[in-house]
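Notes for the structure review
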Amino acid sequence: MASTTNHNLKNTPSRNQIQTWFELPLMDLLLLAQQTLREHFPKNTVQISTLLSIKTGNCPEDCGYCSQSGHHRTDLQGEKKLAVATVIEQARLAKAKGSSRFCMGAGWRNPHDRDMPYVLELVKEVKALGLETCMTLGMLTQNQAQLLADAGLDYYNHNLDTSRDFYPKIIGTRTFDDRLNTLECVRRAGINVCSGGIIGMGESRDDRIDLLFELANLPTLPQSIPINMLVPIKGTPVADKLGETRLPVLEWARTIAVARLCCPTSYVRISAGREQLSDAEQALLFMAGANSFFYGDKLLTTDNATTHHDDELIKTLGLTVETAMPRQIPITDAVNGRIGILNG
């Protein structure tokens, strides 16, 4: 079980400190990150989540890495919303295979009011199975965030994606501040924040430093931080521009390790790109401070490592799978105005 360390009362690292961590000898950095992980989480314990696309493709956003964008010509075929019964069956299967959190994603710029009864029913039904719930639906209004909170949503994913400076080179239909505004709505509603980024899109190390600095300086540390490696998809602008260029796995490990040091009480998740790694490379990422990953053969629209392979890897590495956690609810300390965390 994770530490109940207050996610708001933190020693925020300076940008210079983050850069210094990145420049450490790799073995020193990994040791420091693993020590930090063990100060806040049980050793050799991992949280696993399953991600399902509940509505695929034809998204009006122009995110340069995403096959779901209606602006790009990829092989992805759009699909309408999945039936509630279909989603619940997938959630049951995920739980049976060991997932403690079920994440649902829709290819929307933002949910319309007509979509809310559907997503609220999904939250309630999945929650009733004893799973933690997570959704990623695009931008939210404060009212929509509150409706999701009232339905019992545990986590909302809304990635910053990259640094503020590099962001306009990747996305033009939504600003960096739009993303921050949605995260603020989620925090105000009392939902746990899941927010991270994608590396390997052609950004510099300075951009990766700036991304982690931004995450570490949010009003409350994200409770979950996915660090995705770009999965290049033919027909998307980022993949077409990069060609065969790939970010080295060791730089992914460095980024995960520094994320652990910046946000010691957060889950740091190995996300997209994991299917390309050997077992030894995945072990390296766990050594670097990752303690969460996505489980299942598919991540929204991209391939993932198979569940059988993951089961064997967990066994080989001697990892213990975390069971579902109670929802964490922010509370306000009336004396000093600070925000704390209670288990709900």
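Right, let's walk through the structure included here. Keep in mind it's a predicted model, so treat the numbers as computed, not measured. (Residues numbered from 1 in each chain as written. Predicted model: local features only at pLDDT ≥ 70, side-chain atom pairs only at ≥ 80, totals over all residues. Heavy atoms only, no water.)

1. A closer look at the pattern of salt bridges
Evaluation of the coordinates by the stated rule reveals 16 salt bridges. With its nearest N and O atoms 3.6 Å apart, the salt bridge here joins Arg92 to Glu89. Of this pair, Arg92 and Glu89 both sit in helix α3 (residues 84–96), three residues apart, which is roughly one turn of the helix. In this structure Arg92 comes out as partly exposed when scored by relative accessible area, which is 45%. In this structure, Asp177 engages Arg164 in a salt bridge whose closest nitrogen and oxygen atoms are separated by 3.0 Å. Taken as a pair, Asp177 in helix α6 (residues 176–189) and Arg164 in the loop between β4 (155–157) and α6 lie far apart in primary sequence, 13 residues in all. Beyond isolated ion pairs, a larger network of salt bridges with shared partners links Glu203, Arg205, Arg208 and Glu251. (Salt bridge = Lys/Arg side-chain N within 4 Å of Asp/Glu carboxyl O. Helix = DSSP H or I, 4+ residues; strand = E, 2+ residues; numbered from the N terminus. Buried < 20%, exposed > 50% of the residue type's maximum accessible area, 1.4 Å probe, protein only.)

2. Brief notes about the packing of helix α5 (residues 142–151) against α6
For any two helices packed against each other, the geometry comes down to the angle between their axes and how far apart the axes lie. The interhelical angle for the contact between α5 and α6, taken along N-to-C directions, is 40°, at an axis separation of 8 Å. It follows from the interaxial angle that α5 and α6 lie oblique. With respect to the hand of their crossing, α5 and α6 are arranged in right-handed fashion. For the pair α5 and α6, the contacting residues are Gln142, Ala145, Gln146 and Ala149 in the first and Glu184, Cys185, Val186, Arg188 and Ala189 in the second. Split into classes, the residues belonging to the contact of α5 with α6 amount to five nonpolar, two polar and two charged. (Axes fitted to C-alpha atoms, helices over the stretch in contact; angles between N-to-C directions. Parallel < 35°, antiparallel > 145°, perpendicular 65-115°, else oblique. Left-handed = near helix turned anticlockwise from the far one by under 90°. Contact = heavy atoms within 4.5 Å. Nonpolar A, V, L, I, M, F, W, Y, C, P; charged D, E, K, R; others polar.)

3. Regarding the pairing of strand β2 (residues 101–106)
Extensive coverage of β2 is indicated by the burial of six of its six residues. Side chains Arg101, Cys103 and Gly105 of β2 all project onto a buried face; the interleaved residues Phe102, Met104 and Ala106 project onto the opposite face, where all are buried too. Relative to β2, strand β1 (residues 45–55) runs parallel, the two sharing six bridges. Opposite Thr50, over in β2, you have Phe102 as the bridge partner. Here β2 runs beside strand β3 (residues 132–136); their pairing, made up of five bridges, is parallel. (Pairing = 2+ DSSP bridges.)

4. Some remarks on helix α7 (residues 205–216)
For α7, spanning twelve residues, the distance from its first C-alpha to its last is 17 Å, which sits close to the expected 16 Å at 1.5 Å a residue. Structurally, α7 contributes buried residues whose contacts are with α1 (15–22), β6 (197–199), β7 (224–229) and α9 (249–262). (Expected span 1.5 Å × (residues − 1).)

5. Points about the packing of aromatic side chains
Inspection of every chain in the model, using the stated rule, returns three aromatic pairs. Between Tyr167 and Phe176 the ring centres are 5.6 Å apart and the planes differ by 85°, which places this aromatic pair in the edge-to-face class. Summarising the burial analysis for this pair, Tyr167 and Phe176 share the class buried. Ring geometry for Phe286 versus Phe293: centroids 6.0 Å apart, planes at 70°, classification edge-to-face. For Phe286, a relative accessible area of 10% corresponds to the buried category. What makes Phe293 buried here is its relative accessible area of 2%. (Phe/Tyr/Trp six-rings, centres within 6.5 Å; stacked < 30°, edge-to-face > 60°.)

6. A few points about the nonpolar core
Counting residues in hydrophobic clusters, the biggest one holds 91 residues, and the most contacted among them are Met135 and Leu148. Looking at this core element by element, the count peaks at nine residues for α9. Each residue touching Met135, except ones within four places of it in the same chain, is listed here: Met104, Val119, Leu122, Val123, Leu148, Leu153, Tyr155, Tyr156 and Asn157. Core analysis: the next-biggest nonpolar cluster, separate from the first, contains nine residues, Phe41, Cys134, Cys194 and Phe294 among them. (Core = buried A, V, L, I, M, F, W, Y, C linked by side-chain atoms within 4.5 Å.)

7. What about helix α10 (residues 279–287)?
One full turn of an α-helix is made of 3.6 residues, so residues set three or four places apart face in the same direction. Listed as buried for α10 are Gln282, Leu285 and Phe286. Taken around the axis of α10, the buried residues stretch over an arc of 100°, which confines them to a single face. Where α10 terminates, the next one or two residues include Gly289, which has phi positive at roughly 115°. (Arc of directions from axis to C-beta.)

Fair warning: the whole summary comes from geometry, so function is off the table for now.
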